[in-house]
Amino acid sequence: MAQSLASGRVEAVTLDDDDRLLLEYARKLTLTPAEMADEDTARLRDAGFTDEQVWEATFTTSIFAMFNRMADAFGLEPPESAVRALHR
């Protein structure tokens, strides 16, 4: 599961509908943020997510994107132990 998610293959993982919807939202926010629209958050709300949960998902996704961009800009690499853990 971790390998599939780490490589962006969300469709390869068995998830409930809410988790899949949340990951699809995070994927879109990460890969194509300029394409985000009111409909994206409306889908989460229609599925029962609260405004606070939508905010938290958006904040968490955004802050990780920022951290990753900073790490890329400075050439930082993950510890070897983390890389090995992903490939188990």
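Residues numbered from 1 in each chain as written. Predicted model: local features only at pLDDT ≥ 70, side-chain atom pairs only at ≥ 80, totals over all residues. Heavy atoms only, no water.

Undergrad: I would appreciate a short explanation of the overall build of the protein chain in the present structure.
TA: Regarding its fold elements, the protein chain presents 5 helices and 0 strands. Reading the secondary structure of the protein chain in the N-to-C direction produces α-α-α-α-α. For the C-alpha atoms alone, the extent of the protein chain along its principal axes is close to 40 × 30 × 20 Å. Taking all 88 residues of the protein chain together, the buried fraction comes to 19%. (Helix = DSSP H or I, 4+ residues; strand = E, 2+ residues; numbered from the N terminus. Buried < 20%, exposed > 50% of the residue type's maximum accessible area, 1.4 Å probe, protein only.)

Undergrad: I'm lost on the pattern of salt bridges in this one. Help?
TA: Side chains that carry opposite charge are capable of pairing whenever their charged atoms lie near each other. Enumeration over the complete set of coordinates arrives at 3 salt bridges. Measuring nitrogen to oxygen at the nearest pair gives 3.0 Å for the salt bridge that ties Lys-28 to Asp-40. Here Lys-28 is found in helix H2 (residues 17–31), whereas its partner Asp-40 is found in helix H3 (residues 38–46), with 12 residues between them in sequence. Lys-28 sits in the partly exposed class, given a relative accessible area of 25%. In this structure, Arg-45 engages Asp-51 in a salt bridge whose closest nitrogen and oxygen atoms are separated by 2.6 Å. The exposure class of Arg-45 is partly exposed, given its relative accessible area of 40%. When its relative accessible area of 47% is taken as the criterion, Asp-51 is described as partly exposed. A cluster of three or more residues bridged by salt bridges with shared partners is formed by Lys-28, Asp-40 and Arg-43. (Salt bridge = Lys/Arg side-chain N within 4 Å of Asp/Glu carboxyl O.)

Undergrad: Just checking my understanding: could you explain H2 for this structure?
TA: Owing to its 3.6 residues per turn, the α-helix brings residues three or four apart onto one side. With 15 residues, H2 extends 21 Å between its outermost C-alpha atoms, agreeing within 8% with the 21 Å of an ideal straight helix rising 1.5 Å per residue. Looking only at H2, the buried set comprises Leu-21, Tyr-25, Ala-26 and Leu-29. For H2, the angular spread of buried residues about the axis comes to 135 degrees, placing them on one side. Residues of H2 that are exposed and point over 90 degrees away from its buried face: Asp-17 and Leu-31. (Expected span 1.5 Å × (residues − 1). Arc of directions from axis to C-beta.)

Undergrad: How should I be thinking about the side chain of Asp-40 in this particular structure?
TA: By relative accessible area, Asp-40 is classed as buried at 8%. In this structure the side chain of Asp-40 is engaged in a polar contact, spanning 2.7 Å, whose partner is the backbone nitrogen of Ala-37. In this structure, Asp-40 is in contact with Tyr-25, Lys-28 and Glu-35, ignoring residues within four places of it in sequence. (Polar contact = N/O pair within 3.5 Å; in protein donor to acceptor, adjacent residues only side chain to side chain. Contact = heavy atoms within 4.5 Å.)

Undergrad: Got a minute to help me understand the nonpolar core in this structure?
TA: The tendency in soluble globular proteins is for nonpolar side chains to be buried side by side. With 6 residues, the main nonpolar core is built from Leu-21, Tyr-25, Leu-29, Leu-44, Phe-49 and Val-54. A total of 3 residues in this core trace back to one element, the largest contributor, which is H2. Among residues more than four places away in sequence, those in contact with Val-54 are Tyr-25, Thr-41, Leu-44, Arg-45 and Phe-49. (Core = buried A, V, L, I, M, F, W, Y, C linked by side-chain atoms within 4.5 Å.)

Shape is all these values report; function is a separate question.
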